[in-house]
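Commentary on secondary and tertiary structure
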Amino acid sequence: MGLELKNLYDDFRDGNTIKAYAKIIKEDAKKLKNQINIMEVCGGHTHTIMKYGLPQLLPSNIKFIHGPGCPVCIMPKERIDHAYVLSMVEDVILVTLGDMIKVPGSNGSLQDARSRGSDVRFVYSPLECLKIANENPTKKIIFFAIGFETTTPMTAALLDAVIKKDIKNIFFHINHVTVPEVMRELIDSRDEHVDSYNNKIDAFLGPSHVSVISGSKIYEEFPRDYNRLVVVSGFEPVDVMQAISMIVKQFIEGRCELEIEYKRLVTYDGNLKAQELIERYFDKRDLFKWRGLGNIPKSGLKLKPEFKEYDAEIIYKDILPIGEIEDHKLCICGDILRGMANPPECTIFGTACKPTSPIGSCMVSSEGACAAYYKYGNLR
Amino acid sequence: MNKTISLACGNGGEENNELISKVFYKAFKNEILEKSEDAAIIHNGKLAFSTDSFTVSPLFFAGADIGKLAVCGTCNDLAMMGAKPKYLTCSVIIEEGFATRELDKIVRSMKKELEINGAIVVSGDTKVVPRGSVDKIFINTSGIGEVIKKGISSNNISKDDIIIVNRDIGCHGAAIFVAREGIEMTSSLKSDCESLYPQVKALLDANIKITALRDATRGGVSAVLNEWASQSNICIEVEEESIPVSDEVKGICEMLGFEATALANEGTFVLAVKKEDADKAVEILKGFPSCLKATTIGKITDTHLKKVILKSSWGTSRFLDTPSGELLPRIC
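About the cut-offs
Residues numbered from 1 in each chain as written. Chains lettered and ligands numbered in written order. Predicted model: local features only at pLDDT ≥ 70, side-chain atom pairs only at ≥ 80, totals over all residues. Heavy atoms only, no water. UniProt positions renumbered as here; feature names shortened; annotations may be inferred. Pairing = 2+ DSSP bridges. Helix = DSSP H or I, 4+ residues; strand = E, 2+ residues; numbered from the N terminus. Axes fitted to C-alpha atoms, helices over the stretch in contact; angles between N-to-C directions. Buried < 20%, exposed > 50% of the residue type's maximum accessible area, 1.4 Å probe, protein only. Right-handed = clockwise from strand over helix to strand, strands pointing away. Salt bridge = Lys/Arg side-chain N within 4 Å of Asp/Glu carboxyl O.

Per an unreviewed UniProt entry, chain B goes by Hydrogenase assembly protein HupF and derives from Sulfurimonas hongkongensis. Quoted verbatim from the Sequence similarities (unreviewed entry) field of UniProt, the annotation for chain B is "Belongs to the HypE family."

Looking at an unreviewed UniProt entry, one finds chain A named Hydrogenase formation protein HypD, with Sulfurimonas hongkongensis as its source organism. Under the Sequence similarities (unreviewed entry) heading, UniProt states for chain A: "Belongs to the HypD family."

Looking now at the sheet that holds strand E2 (residues 62-69) of chain A. Residues and elements named next belong to chain A. Read from one edge of the open sheet, five strands run E2-E1-E7-E8-E9, paired in parallel fashion. The open sheet has two edge strands, E2 and strand E9 (258-260), and neither has a second partner. Between one strand and the next, the sheet's axes are offset by a mean angle of 25 degrees, whatever the strand orientation. In the sheet, strand E7 (residues 203-207) pairs with strand E8 (residues 229-233) via five bridges, with the strands oriented parallel. By the bridge assignment, Gly 206 is partnered in E8 with Val 232.

A word on the environment of Pro244(B). Relative to the helices and strands, Pro244(B) is located in the loop between strand E10 (235-239) and helix H8 (247-256). Counting along the chain gives 186 residues from Pro244(B) to Pro58(B), while the straight-line C-alpha distance between them is 26 Å.

Residues and elements named next belong to chain A. Summarising burial for E2: seven of the eight residues are buried, a large majority. In terms of strand pairing, strand E1 (residues 36-42) meets E2 through six bridges, oriented parallel. When the sheet's bridge partners are listed, Glu 40 is paired in E2 with His 66. Handedness of the β-α-β unit built from E1, helix H2 (residues 43-51) and E2 comes out right-handed.

So, on to the pattern of salt bridges. All names here are of chain A. Taken as a whole and assessed by the stated rule, the structure comprises 45 salt bridges over all chains. Put simply, Glu 313 and Arg 79 hold a salt bridge, and the shortest N to O gap is 3.0 Å. With Glu 313 in helix H12 (residues 312-315) and Arg 79 in helix H3 (residues 77-87), the pair connects residues that are 234 residues apart, well separated along the chain. Here Arg 79 falls in the buried class, since its relative accessible area comes to 10%. Glu 221 serves as the salt-bridge partner of Arg 184, at 2.8 Å between the closest nitrogen and oxygen. With Arg 184 in helix H7 (residues 179-192) and Glu 221 in helix H9 (residues 221-226), the pair connects residues that are 37 residues apart, well separated along the chain. The exposure class assigned to Arg 184 is partly exposed, which follows from its relative accessible area of 26%. Residue classification places Glu 221 among the buried positions, given a relative accessible area of 14%.

Structure (structure tokens):
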């Protein structure tokens, strides 16, 4: 019998396995001297933790801090405004991934742009742009590229195909960001405001899909230089519970190491071919603004100068807005993303700020902490 | 409300509700409309009256087509009020250039489904509009049904009731997604599109004490449960494991990051029946070939009024929220 789709998740959502891990963690946690604050960097983990109610299974001395890793949530209004303006250009088809089209900019979301007449499309894979370009030879296809290390190779593969096939009507607006830089920022920025922080990140839950591409090696510096352990974890509830158990064991045994829970696909080196493709086409930006967190050095990518003929940011430079947009005054997403506050502590949570009318980054996509609290509740 | 209407306003979820209450209910306010049932109960409770428009793409898909959908949709809304569908109107808006052969195929499909319901089309209208004004063909059907069992209402659910679903959920939404997005998948997945009156009739004939019925169309089972929780001021607690979902639908949800409870259905309905009749109701439903997976999924409590709680097999619980926004795949 061949492998079926259900084999990929069935066992990893097994109630008995989850309960067994909860029991192990509860027993082990009795030996802990202090509370452990675990930051799940990725919004996908936040989603899993809330959707499957995992905090309800954990003892009170293990706490989750929700991290900034959701490509949709962290996109600042300035960049969405770029996409909006580009989509309004007469002969442009603006293409992006999934629920990016819901995120509000200052004029509205790409969904709003579409309802106002622009041609905005979402795709499952950037390579679908090739088909759109072929079917619309008189139009300019702009791929609004977003996401972390997981989606970057797909954008690189599209550019690779565009160059090899000498396609003239596909362009790129690059918004790819990287995980280690924001993790570093969260630890470093803590030192500047040390008095105002209630929480401390003791350990990181690293997203497995990032490491499938980049390897676990990208987190080496955190145990070594920052004394924060990292466990690279899959996204199923059994994966997360196993990873939590591994973290607790490290604390009991006095270790601070980089470990991989998701050994099904993650290796130390990752996918070297994908990394080579990224290296070939992208440079680091000096600064990239994250919604809710501000400018973070070297955290974003851009096309290398030799590929400027494909760069929509350069080609359309004259029409793209350049001003900075402040985050909403009442929104505390920055604090939530840094682990200082919980979503219900925000005065506009669930009232002025809801998934249907998000104000802050954490409410924007279902993977944001606020959206997950709003949608799933925090039932104990 | 947004200044312009977005696709999310037609999702059967939160934005849809907002649009209806802030624009239509505000203007048309009256006692019958405010009951917010699947069909309006009129003429001293003797008749049920409903309307629906159909704009599906593609027009033909695994398990049904827009014609079958247009008859099932309106007849099912009537059946959900305990009414036998009797008279329908049929109004079509056709884009110029549409193939007559396809139109004929759609109408023949409607005829077949009308026969299953024992209903007839008694009035109609045809408009042809310039290319680009509509996407191929839009069909509106309105229907009048004769109320067989009075008092079925989603406003009266109480702790004496048990929640049942008639079959595995999400097949229509998943089948349409596969057809629309050209996902190449070998599977037996097909829409659940089906007339529900025969099932309702069987329950009524057996004297099952039904409190409420609702077909879980756009917004899926989660929208129905949330509407019920809100309309009857109750908390509905659902055991996640008991909700029947086929492997094919689970697979689609897995690939795209959807929840089966938010996917649309066209032949799936949720029932609130008195506790003592629950087992019998499930047994009757299982007598229909499409309903072998009919089952009890939840009960009524007062822990979180107006909310639906989903309980996992490992002892955790969370809200099952009303779907919001356009159904789009997750990015990662």
